[in-house]
Amino acid sequence: MGKIVAIVNQKGGVGKTTTAVNLAAGLGLAGKKVLLVDADPQGNTTSGFGIHKKQVSVTTYELLVGTGKAENAILQSEFKNVSVIPSSMNLAAAEVDLIGMEHRESQLKMALAAQREAFDYLLIDCPPSLGLITINALTVSDTVLVPLQCEYFALEGLSQLMASIRQIKRLYNPQLEIEGIVLTMYDGRLNLTGQVVSEIKKYFADKLYKTAIPRSVRLSEAPSYGMPIQYYDKRSKGADAYNALAKEFLKKNRRG
């Protein structure tokens, strides 16, 4: 049965979508069958895999509001072993549409239930907020992966996120655990980076991935070509880092 991992940080611009796209590609290259669910209204994960949002009819929005089925939303990407459930601009209205629905926090759980058998890993790229879409993602997920930018304010956001995860665990999903924390936009030359890393190690030493994702121009360029970094520039530092992250992720999951 496939494992569902929500990729979450309520702060924007921390490398969340970059991590979703390139971790999915790395797992696919490692021979794992991956379903990437784009639950962010911005739809950057969808375009990051070269999918044109105007050409899709069933998206995460239809899954959340109950008017579409996952099997009709899944698109096989051009990249090895990765399928995508795309996002659309309609998803921005989902927060409002969900308010009046019964079991509003479990809509995504019901929609994805049958897909666990078909994939090794289901990754959900969440919006940069802790609203109903993210609550749906956390309710269906087994674990949470947190991309964290190496800056002071990231630590404040992390404690808020952990409080939200504890609340979802108590109310809706008792099995929910932390998959890990991935440092993004890492620059080992900066003193601040070292301070942030030592602070995280104090509280989350066992959850911090050894692989850190460096700042990289090539990583920033890849989405505009609709390609994960491993396909855009497989010899880049970014490709090396995300392949190493995929390897470490698989090693942790073998142990588990």
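Each chain has its residues counted from 1, running along the sequence as written. pLDDT decides what is reported in this predicted model: residues at 70 or higher carry local features, side-chain atom pairs at 80 or more are listed and counted, and totals for whole chains, interfaces and linings draw on all residues regardless. Based on all heavy atoms of the structure, the side-chain values leave hydrogens and waters out of the count.

Student: So what exactly am I meant to see when it comes to the overall build of the chain here?
Tutor: Secondary structure elements follow DSSP: runs of H or I no shorter than four residues count as helices, runs of E no shorter than two count as strands, and numbering proceeds from the N terminus. Of regular secondary structure, the chain possesses twelve helices and seven strands. Values of the radius of gyration come from C-alpha atoms, whereas the globule rule sets the reference at 2.2 Å times the count of residues to the power 0.38. Against the 2.2 N^0.38 benchmark of 18 Å for 256 residues, the chain shows a C-alpha radius of gyration of 17 Å, consistent with a compact globule. Across its three principal axes, the chain shows a C-alpha extent of roughly 50 × 40 × 35 Å. Every one of the 256 residues in the chain was classed for burial, and the buried ones make up 55%. Any two residues having at least one pair of non-hydrogen atoms within 4.5 Å are treated as being in contact. In the chain, of all internal contacts separated by at least 6 residues, the share reaching a separation of at least 24 is 78%. Method for areas: the Shrake-Rupley scheme with a 1.4 Å probe, in which residue coverage is limited to the protein chains shown. Summed over its atoms, the accessible surface of the chain is roughly 11900 Å², and 51% of this surface lies on carbon and sulfur atoms. Computed over 30 positive and 24 negative side-chain charges, the inter-centroid distance for the chain is 7 Å. Buried residues are those whose accessible area, probed at 1.4 Å on protein chains only, stays under 20% of the maximum for their type, while exposed residues exceed 50% and partly exposed ones sit between those limits. The charge count includes Lys and Arg as positive and Asp and Glu as negative, but it does not include His or the ends of the chains. One atom stands in for each charge, and that atom is NZ of Lys, CZ of Arg, CG of Asp or CD of Glu.

Student: So what exactly am I meant to see when it comes to the sheet that holds strand β2 (residues 34-38) here?
Tutor: What holds strands together in a sheet is hydrogen bonding between their backbones, with the strands either parallel or antiparallel. Whether two strands pair comes down to DSSP finding at least two bridges between them. Read from one edge to the other, the open sheet built from seven strands follows the order β3-β4-β2-β5-β1-β6-β7, with strand pairing classed as mixed. The sheet is open, and its two edges are formed by β3 (75-76) and β7 (177-184), each paired on a single side. As paired elements, strand β6 (residues 143-149) and β7 share seven bridges and run parallel to each other. The partner of L145 across the bridge, within β7, is G180.

Student: Please explain the environment of I133 as it appears in this structure.
Tutor: Take I133: it is sitting in helix α7 (residues 132-140). Judged by its relative accessible area of 2%, I133 is buried. Taking C-alpha positions, I133 is 20 Å from N72, a pair spaced 61 residues apart along the chain. Every residue in contact with I133, bar those within four places of it in the chain, is listed here: A39, P41, L64, L91, A94, E95 and P127.

Student: Explain the pattern of salt bridges here, please?
Tutor: A pair can form between side chains of opposite charge whenever their charged atoms are brought close. Put simply, a salt bridge is a Lys or Arg side-chain nitrogen that is within 4 Å of an Asp or Glu carboxyl oxygen. Per the counting criterion, the structure on display carries eight salt bridges. D125 is the partner of K16 in a salt bridge, and the nearest nitrogen-oxygen pair spans 3.0 Å. One end of the pair, K16, is in helix α1 (residues 16-29); the other, D125, is in strand β5 (residues 121-125), and 109 residues separate them in sequence. By relative accessible area, D125 is classed as buried at 0%. Within this structure, K16, D40 and D125 form a network of salt bridges that share partners.

Student: What is the right way to read unusual backbone geometry from this model?
Tutor: Trans is the common state for peptide bonds, and a negative phi is the common state for residues other than glycine. Positive phi outside glycine occurs at N81, with the angle close to 65 degrees. Mapped onto the secondary structure, N81 falls in the loop between β3 and β4 (82-85). The phi torsion at H103 lies on the positive side, around 50 degrees, for a residue other than glycine. Positionally, H103 belongs in the loop between α5 (94-99) and α6 (107-112).

Student: When you look at the environment of V84 in this model, what are you seeing that I'm missing?
Tutor: Among the structural elements, V84 can be located in strand β4. Through-space distance from the C-alpha of V84 to that of S57 is 13 Å; in sequence the pair is 27 residues apart. For V84, the contacting residues outside a window of four places in its chain are L35, L36, F49, I51, A73, I74, L75 and S77.

Student: Please clarify how helix α9 (residues 191-204) should be interpreted in this entry.
Tutor: Because an α-helix packs 3.6 residues into every turn, residues spaced three or four apart end up facing the same way. Here α9 contains 14 residues, and its C-alpha end-to-end distance of 20 Å stays within 8% of the 20 Å for a straight helix at 1.5 Å per residue. Buried residues along α9 sit against β6, α8 (152-171) and β7. The span expected for a helix works out to 1.5 Å for each residue beyond the first.

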